[in-house]
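Here are the chains, one letter per residue:
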Amino acid sequence: MDRGQAFTQSASNEAIQRTRTIDATSENWPFEVARCSPAIGAEISGLDLRQPLDDNIYKSLRSALVRYKVLFFRDQDITPAQHVALARRFGELEVHPAFPHHEAHPELVIIGRNDSKRGHENLYHSDVSWREIPSMGSILRCVTCPDIGGDTIWINMAAAYENLPVEVKQTLENLNAVHDFMPLFSIAVDEARHAALRKQFPPVLHPIVRTHPESGEKILFVNEAFTTHIDNFGMHTKDHYRFGFDFKLAEMDLLQYLFRQAQAPEYQVRLRWKPNTIAFWDNRACQHYAVQDYYPAVRHMMRATIIGDRPV
Ligand code: SIN
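Scoring rules and cut-offs
- Residues numbered from 1 in each chain as written.
- Predicted model: local features only at pLDDT ≥ 70, side-chain atom pairs only at ≥ 80, totals over all residues.
- Heavy atoms only, no water.
- Near = heavy atom within 4 Å.
- Polar contact = N/O pair within 3.5 Å; in protein donor to acceptor, adjacent residues only side chain to side chain.
- Areas by Shrake-Rupley, 256 points an atom, 1.4 Å probe, with all protein chains shown as cover.
- 1 Å grid on protein atoms, 1.4 Å probe; cavity = no way out; pocket = protein on both sides within 12 Å on 5 of 7 lines; lining within 4 Å.
- Sits in = over half its atoms within 2 Å of the grid points.
- Helix = DSSP H or I, 4+ residues; strand = E, 2+ residues; numbered from the N terminus.
- Nonpolar A, V, L, I, M, F, W, Y, C, P; charged D, E, K, R; others polar.
- Points joined across faces, edges and corners; volume = space filled by probe spheres on them.
- Phe/Tyr/Trp six-rings, centres within 6.5 Å; stacked < 30°, edge-to-face > 60°.
- Buried < 20%, exposed > 50% of the residue type's maximum accessible area, 1.4 Å probe, protein only.
- Lys NZ or Arg CZ within 6 Å of the ring centre and 35° of its normal.

## With respect to the site of the ligand
Around the ligand sit I111, E121, H125, D127, L140, T152, W281, H288, A290, R299 and R303, and that is every residue in its neighbourhood. Here an oxygen atom of the ligand and a side-chain polar atom of D127 are 3.4 Å apart. In this structure, an oxygen atom belonging to the ligand sits 2.6 Å away from a side-chain N or O atom of T152. Burial of the ligand by the surrounding chains reaches 99%, relative to a free accessible area of 260 Å². Using a 2 Å cut-off from the grid points, one finds that the ligand occupies the largest cavity. At the level of secondary structure, the elements contributing two or more residues to the shell around the ligand comprise strand 15 (286-290) and strand 16 (299-307). Split into classes, the residues belonging to the shell around the ligand amount to four nonpolar, three polar and four charged.

Structure representation (C-alpha coordinates):
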(Lines give C-alpha, C1' and ligand atoms only; values in the text may rest on other atoms or scores of the structure.)
Protein backbone atom coordinates (compact mmCIF):
# COMPACT_ATOMS: atom_id res chain seq x y z
CA MET A 1 0.00 0.00 0.00
CA ASP A 2 1.47 3.39 -0.89
CA ARG A 3 1.20 6.53 1.18
CA GLY A 4 -1.64 7.95 -0.97
CA GLN A 5 -3.82 4.96 -0.26
CA ALA A 6 -2.98 5.05 3.42
CA PHE A 7 -4.02 8.71 3.48
CA THR A 8 -7.41 8.14 1.91
CA GLN A 9 -8.10 5.23 4.24
CA SER A 10 -7.21 7.17 7.41
CA ALA A 11 -10.14 7.61 9.76
CA SER A 12 -12.01 10.86 9.10
CA ASN A 13 -12.77 13.19 11.98
CA GLU A 14 -16.41 12.18 11.76
CA ALA A 15 -15.42 8.55 12.18
CA ILE A 16 -13.26 9.48 15.16
CA GLN A 17 -16.24 11.32 16.61
CA ARG A 18 -18.44 8.24 16.26
CA THR A 19 -15.95 5.90 17.92
CA ARG A 20 -15.22 8.28 20.79
CA THR A 21 -16.00 6.66 24.11
CA ILE A 22 -15.49 7.73 27.67
CA ASP A 23 -12.76 5.59 29.21
CA ALA A 24 -14.16 3.91 32.30
CA THR A 25 -10.72 2.99 33.63
CA SER A 26 -9.77 6.63 34.06
CA GLU A 27 -12.52 7.62 36.48
CA ASN A 28 -10.17 8.58 39.31
CA TRP A 29 -8.37 11.14 37.22
CA PRO A 30 -9.27 14.79 37.88
CA PHE A 31 -10.39 15.35 34.26
CA GLU A 32 -12.52 13.68 31.63
CA VAL A 33 -11.07 11.39 29.01
CA ALA A 34 -12.66 10.50 25.69
CA ARG A 35 -10.78 8.07 23.50
CA CYS A 36 -10.44 9.10 19.86
CA SER A 37 -9.56 5.82 18.16
CA PRO A 38 -9.08 2.24 19.36
CA ALA A 39 -5.32 2.45 18.79
CA ILE A 40 -4.24 5.83 20.07
CA GLY A 41 -5.30 9.26 21.31
CA ALA A 42 -7.67 10.72 23.87
CA GLU A 43 -9.33 14.08 24.28
CA ILE A 44 -8.98 15.54 27.77
CA SER A 45 -11.53 18.02 29.09
CA GLY A 46 -12.15 19.76 32.39
CA LEU A 47 -8.68 21.29 32.72
CA ASP A 48 -7.42 24.85 32.40
CA LEU A 49 -3.84 24.60 31.17
CA ARG A 50 -3.16 28.26 32.01
CA GLN A 51 -2.98 27.19 35.67
CA PRO A 52 0.05 25.42 37.15
CA LEU A 53 -0.60 21.66 37.37
CA ASP A 54 -0.89 20.36 40.92
CA ASP A 55 0.75 17.01 41.68
CA ASN A 56 -2.43 15.01 41.21
CA ILE A 57 -3.19 16.54 37.81
CA TYR A 58 0.45 16.22 36.74
CA LYS A 59 0.66 12.52 37.68
CA SER A 60 -2.72 11.74 36.12
CA LEU A 61 -1.82 13.51 32.88
CA ARG A 62 1.47 11.66 32.75
CA SER A 63 -0.34 8.33 33.17
CA ALA A 64 -2.86 9.31 30.51
CA LEU A 65 -0.03 10.26 28.14
CA VAL A 66 1.69 6.91 28.63
CA ARG A 67 -1.60 5.06 28.13
CA TYR A 68 -3.00 6.96 25.12
CA LYS A 69 0.29 8.27 23.62
CA VAL A 70 -1.28 11.52 22.42
CA LEU A 71 -3.63 13.80 24.35
CA PHE A 72 -5.78 16.54 22.83
CA PHE A 73 -7.03 19.64 24.66
CA ARG A 74 -9.49 22.08 23.08
CA ASP A 75 -9.95 25.82 23.78
CA GLN A 76 -6.73 26.40 25.71
CA ASP A 77 -5.93 30.08 25.21
CA ILE A 78 -2.50 29.95 26.83
CA THR A 79 0.34 32.45 26.49
CA PRO A 80 3.79 31.39 25.24
CA ALA A 81 5.07 31.66 28.85
CA GLN A 82 2.26 29.36 30.09
CA HIS A 83 3.03 26.95 27.24
CA VAL A 84 6.67 26.77 28.35
CA ALA A 85 5.65 26.36 32.02
CA LEU A 86 3.25 23.53 31.14
CA ALA A 87 5.91 21.65 29.17
CA ARG A 88 8.58 22.24 31.80
CA ARG A 89 6.39 20.45 34.37
CA PHE A 90 7.20 17.26 32.43
CA GLY A 91 10.96 17.76 32.06
CA GLU A 92 13.75 19.94 30.72
CA LEU A 93 13.11 21.56 27.35
CA GLU A 94 15.37 21.58 24.32
CA VAL A 95 16.22 24.42 21.98
CA HIS A 96 15.98 23.27 18.38
CA PRO A 97 19.04 24.14 16.28
CA ALA A 98 17.24 24.63 12.95
CA PHE A 99 13.62 25.77 13.44
CA PRO A 100 12.91 29.45 14.13
CA HIS A 101 11.88 30.08 17.71
CA HIS A 102 9.84 32.53 19.76
CA GLU A 103 11.93 35.60 20.47
CA ALA A 104 11.29 35.63 24.23
CA HIS A 105 11.12 31.83 24.62
CA PRO A 106 13.79 29.99 22.65
CA GLU A 107 12.28 26.67 23.86
CA LEU A 108 9.24 27.35 21.64
CA VAL A 109 9.74 26.31 18.04
CA ILE A 110 7.65 28.33 15.59
CA ILE A 111 6.17 26.35 12.74
CA GLY A 112 4.82 29.14 10.54
CA ARG A 113 3.53 28.20 7.12
CA ASN A 114 1.97 30.42 4.45
CA ASP A 115 2.04 31.12 0.72
CA SER A 116 5.80 31.68 0.77
CA LYS A 117 6.72 28.88 3.18
CA ARG A 118 5.31 25.44 2.53
CA GLY A 119 5.19 22.92 5.41
CA HIS A 120 7.58 20.01 5.23
CA GLU A 121 6.57 18.03 8.31
CA ASN A 122 4.73 15.56 6.08
CA LEU A 123 7.02 12.66 6.85
CA TYR A 124 6.33 10.05 9.52
CA HIS A 125 8.70 10.82 12.37
CA SER A 126 9.41 11.00 16.06
CA ASP A 127 10.71 14.44 17.05
CA VAL A 128 14.49 14.80 17.24
CA SER A 129 15.22 11.05 17.10
CA TRP A 130 18.57 12.28 15.68
CA ARG A 131 19.63 13.43 19.15
CA GLU A 132 21.70 11.18 21.37
CA ILE A 133 18.99 11.77 23.97
CA PRO A 134 15.79 12.11 21.94
CA SER A 135 12.57 13.72 23.10
CA MET A 136 10.19 12.39 25.74
CA GLY A 137 7.29 14.42 24.39
CA SER A 138 6.14 17.45 22.44
CA ILE A 139 3.40 19.95 23.22
CA LEU A 140 2.06 21.68 20.12
CA ARG A 141 -0.43 24.58 20.18
CA CYS A 142 -2.34 25.78 17.18
CA VAL A 143 -2.22 29.56 16.85
CA THR A 144 -3.82 29.81 13.40
CA CYS A 145 -4.98 27.14 10.99
CA PRO A 146 -7.06 26.87 7.85
CA ASP A 147 -10.77 25.99 8.23
CA ILE A 148 -10.05 22.77 6.43
CA GLY A 149 -6.75 20.95 5.91
CA GLY A 150 -3.52 20.87 7.88
CA ASP A 151 -4.53 17.95 10.12
CA THR A 152 -1.93 15.94 12.00
CA ILE A 153 -1.81 12.14 12.29
CA TRP A 154 -0.26 10.19 15.18
CA ILE A 155 0.70 6.53 15.09
CA ASN A 156 0.97 3.97 17.89
CA MET A 157 4.42 2.43 17.36
CA ALA A 158 3.95 -0.10 20.18
CA ALA A 159 1.05 -1.60 18.20
CA ALA A 160 3.19 -1.43 15.05
CA TYR A 161 5.88 -3.48 16.80
CA GLU A 162 3.46 -5.87 18.48
CA ASN A 163 1.87 -6.89 15.18
CA LEU A 164 5.13 -7.63 13.36
CA PRO A 165 5.64 -11.26 12.36
CA VAL A 166 7.68 -13.26 14.89
CA GLU A 167 10.55 -13.80 12.41
CA VAL A 168 10.86 -10.06 11.85
CA LYS A 169 10.90 -9.47 15.61
CA GLN A 170 13.70 -12.03 15.90
CA THR A 171 15.67 -10.33 13.12
CA LEU A 172 15.37 -6.98 14.89
CA GLU A 173 16.70 -8.23 18.22
CA ASN A 174 19.90 -6.35 19.12
CA LEU A 175 19.91 -4.38 15.86
CA ASN A 176 20.64 -0.65 15.93
CA ALA A 177 19.88 2.00 13.35
CA VAL A 178 21.55 5.29 12.55
CA HIS A 179 19.54 8.51 12.94
CA ASP A 180 20.79 11.71 11.36
CA PHE A 181 19.68 15.34 11.41
CA MET A 182 21.53 16.49 8.29
CA PRO A 183 19.71 14.83 5.36
CA LEU A 184 16.45 16.60 6.22
CA PHE A 185 17.57 19.78 7.93
CA SER A 186 20.58 20.74 5.81
CA ILE A 187 18.19 22.49 3.39
CA ALA A 188 16.64 24.46 6.26
CA VAL A 189 19.86 26.01 7.57
CA ASP A 190 22.50 28.21 5.92
CA GLU A 191 25.29 26.29 4.27
CA ALA A 192 27.73 28.29 6.40
CA ARG A 193 26.42 26.46 9.50
CA HIS A 194 26.60 22.94 8.04
CA ALA A 195 30.10 22.04 9.25
CA ALA A 196 29.41 23.26 12.80
CA LEU A 197 26.06 21.46 12.95
CA ARG A 198 27.63 18.28 11.63
CA LYS A 199 30.15 18.45 14.45
CA GLN A 200 27.55 19.28 17.09
CA PHE A 201 25.08 16.60 15.94
CA PRO A 202 26.90 13.57 14.53
CA PRO A 203 24.78 10.60 13.39
CA VAL A 204 23.62 8.57 16.42
CA LEU A 205 22.80 4.90 16.99
CA HIS A 206 19.53 3.81 18.62
CA PRO A 207 18.07 0.35 19.06
CA ILE A 208 15.49 -0.41 16.36
CA VAL A 209 13.21 -1.70 19.10
CA ARG A 210 13.30 0.34 22.27
CA THR A 211 11.61 -0.37 25.58
CA HIS A 212 9.39 2.41 26.86
CA PRO A 213 10.86 3.57 30.19
CA GLU A 214 7.42 4.00 31.84
CA SER A 215 5.09 1.43 30.26
CA GLY A 216 7.66 -1.29 29.48
CA GLU A 217 6.12 -1.63 26.00
CA LYS A 218 8.38 -2.48 23.08
CA ILE A 219 8.37 0.27 20.48
CA LEU A 220 9.41 0.20 16.84
CA PHE A 221 11.82 3.14 16.84
CA VAL A 222 12.84 3.90 13.25
CA ASN A 223 11.31 6.63 11.13
CA GLU A 224 11.48 7.67 7.49
CA ALA A 225 12.54 11.25 8.28
CA PHE A 226 15.67 10.66 10.31
CA THR A 227 16.71 6.99 10.19
CA THR A 228 19.31 6.57 7.46
CA HIS A 229 20.41 2.93 7.72
CA ILE A 230 20.73 -0.16 9.86
CA ASP A 231 24.06 -0.48 11.62
CA ASN A 232 26.05 -3.65 11.13
CA PHE A 233 23.27 -5.47 9.32
CA GLY A 234 24.20 -9.08 10.03
CA MET A 235 24.54 -10.63 6.55
CA HIS A 236 27.91 -9.19 5.65
CA THR A 237 30.24 -11.07 7.98
CA LYS A 238 33.27 -13.25 7.41
CA ASP A 239 31.27 -16.35 8.24
CA HIS A 240 28.23 -15.35 6.29
CA TYR A 241 29.42 -13.52 3.22
CA ARG A 242 26.87 -12.06 0.82
CA PHE A 243 27.57 -9.93 -2.21
CA GLY A 244 27.61 -6.24 -1.33
CA PHE A 245 24.65 -5.19 -3.43
CA ASP A 246 22.52 -7.99 -2.01
CA PHE A 247 23.47 -7.00 1.52
CA LYS A 248 22.62 -3.34 0.90
CA LEU A 249 19.29 -4.07 -0.79
CA ALA A 250 18.24 -6.46 1.96
CA GLU A 251 18.99 -3.84 4.56
CA MET A 252 17.08 -1.15 2.65
CA ASP A 253 14.13 -3.49 2.08
CA LEU A 254 13.91 -4.23 5.78
CA LEU A 255 14.11 -0.56 6.71
CA GLN A 256 11.47 0.42 4.15
CA TYR A 257 9.23 -2.37 5.44
CA LEU A 258 9.64 -1.04 8.98
CA PHE A 259 8.96 2.55 7.89
CA ARG A 260 5.76 1.43 6.16
CA GLN A 261 4.31 0.13 9.43
CA ALA A 262 3.60 3.72 10.47
CA GLN A 263 1.29 4.14 7.46
CA ALA A 264 -1.30 1.61 8.64
CA PRO A 265 -4.55 3.46 9.42
CA GLU A 266 -5.29 0.86 12.12
CA TYR A 267 -2.51 2.36 14.26
CA GLN A 268 -3.48 5.99 13.64
CA VAL A 269 -5.55 8.87 14.90
CA ARG A 270 -6.10 12.12 13.00
CA LEU A 271 -6.74 15.52 14.55
CA ARG A 272 -8.53 18.43 12.97
CA TRP A 273 -6.99 21.54 14.51
CA LYS A 274 -8.71 24.68 15.68
CA PRO A 275 -6.96 27.73 17.16
CA ASN A 276 -6.01 26.99 20.80
CA THR A 277 -6.14 23.25 20.38
CA ILE A 278 -3.16 21.62 22.06
CA ALA A 279 -1.72 18.17 21.33
CA PHE A 280 0.70 16.55 23.78
CA TRP A 281 2.35 13.39 22.48
CA ASP A 282 4.86 10.84 23.65
CA ASN A 283 7.76 10.76 21.17
CA ARG A 284 9.04 7.55 22.78
CA ALA A 285 5.92 5.66 21.74
CA CYS A 286 4.42 7.30 18.68
CA GLN A 287 5.23 8.97 15.41
CA HIS A 288 3.36 11.81 13.74
CA TYR A 289 2.78 13.27 10.28
CA ALA A 290 1.55 16.80 9.50
CA VAL A 291 -0.63 16.64 6.39
CA GLN A 292 0.53 19.20 3.82
CA ASP A 293 -2.74 19.77 1.96
CA TYR A 294 -3.40 23.41 2.87
CA TYR A 295 -0.84 25.41 0.89
CA PRO A 296 -1.04 28.43 0.39
CA ALA A 297 -3.19 28.91 3.51
CA VAL A 298 -1.68 30.13 6.78
CA ARG A 299 -0.96 27.57 9.50
CA HIS A 300 0.93 28.76 12.55
CA MET A 301 1.91 26.46 15.42
CA MET A 302 4.20 26.60 18.46
CA ARG A 303 5.93 23.56 19.89
CA ALA A 304 7.75 22.87 23.13
CA THR A 305 9.88 19.72 23.10
CA ILE A 306 10.64 17.89 26.35
CA ILE A 307 13.98 16.10 26.62
CA GLY A 308 13.73 12.35 27.27
CA ASP A 309 16.26 9.63 27.97
CA ARG A 310 18.63 7.43 26.01
CA PRO A 311 16.66 4.71 24.16
CA VAL A 312 17.40 1.17 25.41
C1 SIN B 1 5.93 18.46 14.09
O2 SIN B 1 6.34 17.71 13.21
O3 SIN B 1 6.37 18.40 15.24
C4 SIN B 1 4.83 19.44 13.76
C5 SIN B 1 3.54 18.76 13.56
C6 SIN B 1 2.49 19.70 13.03
O7 SIN B 1 2.80 20.82 12.62
O8 SIN B 1 1.32 19.31 13.03
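## Focus: empty space enclosed by the protein
For the structure on display, the rule yields three cavities of 30 Å³ or more. Approximately 240 Å³ is the volume found for the largest cavity. E121, H125, D127, H288 and R303 are, among the 21 residues lining the largest cavity, the residues nearest its centre. Looking at the lining of the largest cavity, the elements that each hand over two or more residues are helix 7 (182-185), strand 15 and strand 16.

## Observations concerning the packing of aromatic side chains
Summed over the entire model, instances satisfying the criterion amount to 15 aromatic pairs. Summarising the aromatic geometry, the rings of W130 and F201 are spaced 5.2 Å apart at their centres and angled 85° between planes, so their arrangement reads as edge-to-face. In this pair, W130 sits in the loop between strand 5 (108-113) and strand 6 (135-144) while F201 sits in the loop between helix 8 (194-200) and strand 9 (204-207), placing the two residues 71 residues apart along the sequence. A relative accessible area of 11% means that F201 is categorised as buried. Measuring from centroid to centroid gives 5.4 Å for F181 and F201, while their planes differ by 40°, and the two rings are tilted. Of this pair, F181 sits in the loop between strand 8 (176-179) and helix 7 while F201 sits in the loop between helix 8 and strand 9, and the two are 20 residues apart along the sequence. Just as F181 is buried, F201 falls in that class too. Among the aromatic residues, ring-to-ring pairing joins F99, W130, F181, F185, F201 and F226 into one connected group. In this structure, R89 packs its charged tip against the face of Y58, placed 4.6 Å from the ring centre. If you follow K169 out to its NZ or CZ, it ends over the ring of Y161, 5.0 Å from the centre.

Just distances and angles here, no functional claims.
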